[in-house]
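Chain and residue survey
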Amino acid sequence: QVQLVESGGGLVQAGGSLRLSCAASGRTFSSYVMGWFRQAPGKEREFVAAITWSDGSTSYVNSVKGRFTISRDNAKNTVYLQMNSLKPEDTAVYYCAANPRRIRSSSLRLYDYWGQGTQVTVSS
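Everything numeric here is computed off the predicted structure, so don't read it as measured data.

Focus: the state of the cysteines
Considering all chains together, one arrives at one disulfide under this definition. With its sulfur 2.1 Å from that of its partner, Cys22 forms a disulfide with Cys96. Torsion about the S-S bond of the Cys22 and Cys96 cystine: about -75 degrees, corresponding to left-handed handedness. With Cys22 in strand 3 (residues 18-25) and Cys96 in strand 9 (residues 92-99), the pair connects residues that are 74 residues apart, well separated along the chain. Residue Cys22 shares its accessibility class with Cys96, and that shared class is buried.

So, the sheet that holds strand 8 (residues 78-83)
Ordered by their spatial adjacency, four strands build an open sheet running 1-3-8-7, and the pairing between neighbours is antiparallel. Where the open sheet ends on each side, the last strands, each with one partner, are strand 1 (3-7) and strand 7 (68-73). When the angles between neighbouring strand axes are averaged without regard to direction, this sheet yields 15 degrees. As defined by bridge partners, strand 1 adjoins strand 3 across five bridges and the pair is classed as antiparallel. Counted as the bridge partner of Gln3 is Ser25 from strand 3.

Parameters and conventions
Residues numbered from 1 in each chain as written. Predicted model: local features only at pLDDT ≥ 70, side-chain atom pairs only at ≥ 80, totals over all residues. Heavy atoms only, no water. Disulfide = S-S within 2.5 Å. Helix = DSSP H or I, 4+ residues; strand = E, 2+ residues; numbered from the N terminus. Buried < 20%, exposed > 50% of the residue type's maximum accessible area, 1.4 Å probe, protein only. Pairing = 2+ DSSP bridges. Axes fitted to C-alpha atoms, helices over the stretch in contact; angles between N-to-C directions.

If you want it as structure tokens, here you go:
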């Protein structure tokens, strides 16, 4: 069965950096699209970034462009989200998700598998 395990969250001051990791197992992910989503208290879960595992092509929500970078390590079966210049509004639980449909999309409904989430808190 597919398992996604996030790590790397924590508390950081505004302007700081964090790197989130998502260790994926239970399937060959070469045909998958992997995504990062986040959910702040009282808000809906929203798309942050996605990467097509096979060719490394990426997409981002406008609010994180130029600050966040999604990448993957084929040998480690791990997806990363490097977050720089963090802002208090980035505070949320961040989730890793896997989409088997070969469509790089921001739509939550295309992602069949989800991790448990990791908390990111940015203080002002």
